[in-house]
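Summary of the model geometry
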Amino acid sequence: EFIQLIAELDTPSKIGSYMWQNFVYEYHPHGLLTPYQLYKSKKGDCNDFSHFATYMAYCNGYEVYQIRIKYKNGSVNHWLGIYKEGQYYTFSSNNLYYITRFLNFKDIVNYHSCIASRVWREYEVYDYQSDIIEVGSN
C-alpha cells in the first residue's frame with residue numbers, strides 16, 4: 001500500500017491534499033519519523049511532514065529541499081518542504097501545500113514568516129542528502 005501511495009502522490013499538490021486529509025499535527029520531541037512511520041501513525045510535527053512531503057516528491061523525480069527556520073522569539077524552529085517546479089520553488093508547511101511561486105529560498109522564508117506572524121533570525125536549507133546548502137540570517 002505504501003509503495004502504491006508513492007506512485008499516486010506524483011505531484012506536490014497531490015502530496016499536500018493527501019497530507020491535509022490524512023495527517024494531524026502532534027509534536028514529537030524524540031526525533032524524526034520516517035515517511036512510512038508517519039503514513040502508519042497519521043500524526044506528526046512539521047519536521048515529520050516536511051520529510052514525508054519531500055520524500056514522496058523525490059521518489060517521483062522532483063528536486064526537493066527542506067528549510068529549517070529559527071525564529072527570534074526563543075527556541076521555536078519550523079521546517080518547510082520545498083519543491084522545484086520548473087524554474088520556481090513552491091513549499092509545504094505542516095500539512096498545507098502553497099502554490100505561490102518563488103525564485104529563491106529567502107523569499108519563501110520571508111513569505112512564510114509573514115503568514116505565520118513571526119520574525120525569523122536564521123534559516124538553513126538542506127538538500128535531499130541532508131547537507132546544508134544555504135544559510136541566511138536576518
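Provided above is the structure to which this section pertains.
Quick look at the structure, then. (Residues numbered from 1 in each chain as written. Predicted model: local features only at pLDDT ≥ 70, side-chain atom pairs only at ≥ 80, totals over all residues. Heavy atoms only, no water.)

**Notes on the nonpolar core**
Keep this limit in mind: In this description, a nonpolar core means a group of buried Ala, Val, Leu, Ile, Met, Phe, Trp, Tyr and Cys residues linked to one another through side-chain atoms lying within 4.5 Å. Exposure is judged per residue with a 1.4 Å probe applied to protein chains only, and the accessible area is read against the type maximum: over 50% gives exposed, under 20% gives buried, and values in between give partly exposed. For the purposes of this entry, the term helix denotes a DSSP run of H or I that reaches at least four residues, the term strand denotes a run of E that reaches at least two, and both are numbered from the N terminus. Note on contacts: a residue pair qualifies if any of its non-hydrogen atoms lie within 4.5 Å across the two residues.
Ranked by size, the top nonpolar core spans 20 residues in total, and within it Ile 15, Phe 52 and Met 56 carry the most contacts. Elements supplying a minimum of two residues to this core: α1 (2–8), α2 (12–22), α3 (35–41) and α4 (46–59). Among the elements that take part in this core, α4 stands out by supplying five residues, more than any other. When neighbours within four sequence positions are excluded, Phe 52 is seen to be in contact with Phe 2, Leu 5, Leu 9, Tyr 18, Met 19, Phe 23, Pro 35, Leu 38 and Tyr 39. Judged by nonpolar contacts, the second largest core, of 16 residues, contains Tyr 65, Tyr 71, Ile 108 and Tyr 123.

**Points about the pattern of salt bridges**
Inclusion rule: The term salt bridge refers to a side-chain nitrogen of Lys or Arg lying within 4 Å of a carboxyl oxygen of Asp or Glu.
This model, assessed by the stated rule, comprises five salt bridges. A salt bridge links Lys 43 to Glu 26; the shortest N-O distance between them is 4.0 Å. Remark: Glu 26 occurs in the loop between β1 (24–25) and α3 and Lys 43 occurs in strand β2 (residues 43–44); sequence separation between them is 17 residues. Two residues, Glu 124 and Arg 68, come together in a salt bridge whose shortest N-O distance is 3.7 Å. Taken together, the positions of Glu 124 in strand β7 (residues 120–126) and Arg 68 in strand β3 (residues 63–71) put the pair 56 residues apart, joining distant regions of the chain. By relative accessible area, Glu 124 is classed as buried at 11%. Since its relative accessible area comes to 22%, Arg 68 is described here as partly exposed. One connected set of salt bridges, linked through shared partners, spans Arg 68, Lys 70, Glu 122 and Glu 124.

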